[in-house]
Amino acid sequence: MSELSHNVDRKLVLASGRAHPELAEEVARCLNTELLPMSAYNFANGEIYVRSGESVRGKEVFIIQAHPAPLNNWLMEQLIMVDSMKRASAATITVVAPFYPYARQDKKGRGREPISARLVADLYKTAGADRIMSVDLHTAQIQGFFDGPVDHLFAIPLLADHIRNIVGDDAVTVVSPDTGRVRVAEQWAERLGGAPLAFVHKSRDLTVPNQAVSKTVVGQVEGRTCVLIDDMIDTGGTIAGAVRVLKDAGAKDVIIAATHAVFSDPAAERLANCGAREVVVTNTLPIPEEKRFPTLTVLSIAPLLARAIKEVFEDGSVTSLFDGDA
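If you're wondering where the values come from, they're calculated on a predicted model, not measured in any experiment.

(A) Geometry of the pairing of strand E8 (residues 150–153). Of the two faces of E8, both are covered, the one formed by Val150 and His152 as well as the one formed by Asp151 and Leu153. Pairing of strand E7 (residues 131–135) with E8 involves 4 bridges; the strand directions are parallel. Residue pairing in the sheet places Ser134 in a bridge with His152 of E8.

Structure representation (structure tokens):
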């Protein structure tokens with residue numbers, strides 16, 4: 001196994017869980033290294049076993065794992081990998097979770113609700129993680145749940161550069177699917193040359209998961225190409241409803257841009273038929289062939305993850321990856 005060496009005393013090791021090996025392999029290629037050989041399997045009752053095929057003593061280990069369905073299975077596998085590296089005397093352990101598990105449960109909306117995003121951070125810490133790296137957290141305050149460094153990476157430059165190329169000279173409006181993501185929409189607008197903002201007013205029944213009703217749009221959308229942004233698309237109901245609202249309000253075109261393609265059924269069908277010109281996502285989560293459709297574009301997040309890992313390993317600045325604006 002080849003390794004990146006910062007100096008004679010430090011070595012970087014990249015290990016991967018089984019959820020999204022293609023992403024991990026691409027990150028390894030970007031770093032000009034190889035993945036740590038791992039033995040991983042499930043017992044008949046579902047228990048997970050993992051073991052490194054080589055020594056990690058004194059090495060700086062980065063454990064990359066995606067968290068598609070069944071999310072709990074892949075989270076547990078990553079936690080067990082962290083524990084195994086800790087017990088194998090790794091010098092440092094960084095959890096690379098491009099899609100942070102349970103990120104939507106970051107606050108108490110009603111009494112007696114858990115704050116599961118905080119619980120996940122505690123689990124990582126207890127297992128032995130020294131650091132967490134993730135992409136486009138559902139809310140920035142999740143960084144405060146982990147008692148240690150958190151590298152919060154942003155997919156906006158990657159997504160916005162692609163969209164800038166396809167909209168050309170069109171009049172563009174950046175649309176947030178709700179008022180909660182207006183701050184992110186402002187960053188998008190800046191990337192797209194100072195485009196105006198709009199947001200879709202929606203209502204949500206807190207007792208019913210994965211269901212929101214898009215009602216009206218506030219902002220200038222008539223005759224314009226609307227870039228509808230979000231951090232994740234789960235079942236696609238909210239975003240498909242927002243496309244309909246924008247079309248009804250006179251939008252010329254709608255392009256959907258989201259970082260995490262959760263794509264729980266029937267998301268692919270909804271997105272394919274919602275009337276959007278293009279749906280642009282990243283590969284923080286694996287997207288199986290049966291959930292792909294003609295208007296879907298998948299951009300690779302691997303180069304960004306590799307650059308961030310390299311900066312952390314070399315004691316550089318992750319913030320510098322985003323022009324100091326992070």
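(B) Focus on a negative patch on the surface. A cluster of acidic residues, Asp265, Glu269, Glu289 and Glu290, forms a negative patch on the protein surface. Its location among the elements puts Glu290 in the loop between strand E14 (278–282) and strand E15 (296–299). Classification of Glu290 as exposed rests on a relative accessible area of 65%.

(C) Representation of the state of the cysteines in the model. Summed over all chains, the structure comprises 0 disulfides. Sulfur of Cys226: no disulfide; nearest cysteine sulfur belongs to Cys274 and is 13 Å away. Classification of Cys226 by relative accessible area gives buried; the value is 0%.

(D) The pattern of salt bridges, seen in detail. Summed over the entire model, instances satisfying the criterion amount to 17 salt bridges. Between Arg181 and Asp230 there is a salt bridge whose closest N-O contact spans 3.6 Å. Of this pair, Arg181 sits in the loop between strand E9 (172–176) and helix H5 (182–191) while Asp230 sits in strand E12 (residues 225–233), and the two are 49 residues apart along the sequence. We note that Arg181, like Asp230, is buried. The partner of Glu186 in a salt bridge is Arg183, and the shortest N-O contact between them spans 3.5 Å. Placement of both Glu186 and Arg183 in helix H5 is noted, with a separation of 3 residues, approximately one turn of the helix. Taking relative accessible area as the criterion, Glu186 reaches 38% and is therefore assigned partly exposed. A network of salt bridges, in which partner residues are shared, links Asp170, Lys252, Asp253 and Arg277.

The rules behind these values
Residues numbered from 1 in each chain as written. Predicted model: local features only at pLDDT ≥ 70, side-chain atom pairs only at ≥ 80, totals over all residues. Heavy atoms only, no water. Buried < 20%, exposed > 50% of the residue type's maximum accessible area, 1.4 Å probe, protein only. Helix = DSSP H or I, 4+ residues; strand = E, 2+ residues; numbered from the N terminus. Pairing = 2+ DSSP bridges. Patch = residues over 30% accessible without salt bridge, like charges linked within 9 Å, V, L, I, M, F, W, Y side chains within 5 Å. Areas by Shrake-Rupley, 256 points an atom, 1.4 Å probe, with all protein chains shown as cover. Salt bridge = Lys/Arg side-chain N within 4 Å of Asp/Glu carboxyl O. Lys, Arg positive; Asp, Glu negative; His and termini not counted. Charge placed at Lys NZ, Arg CZ, Asp CG, Glu CD. Disulfide = S-S within 2.5 Å.

Any functional reading would require information beyond the geometric quantities listed.
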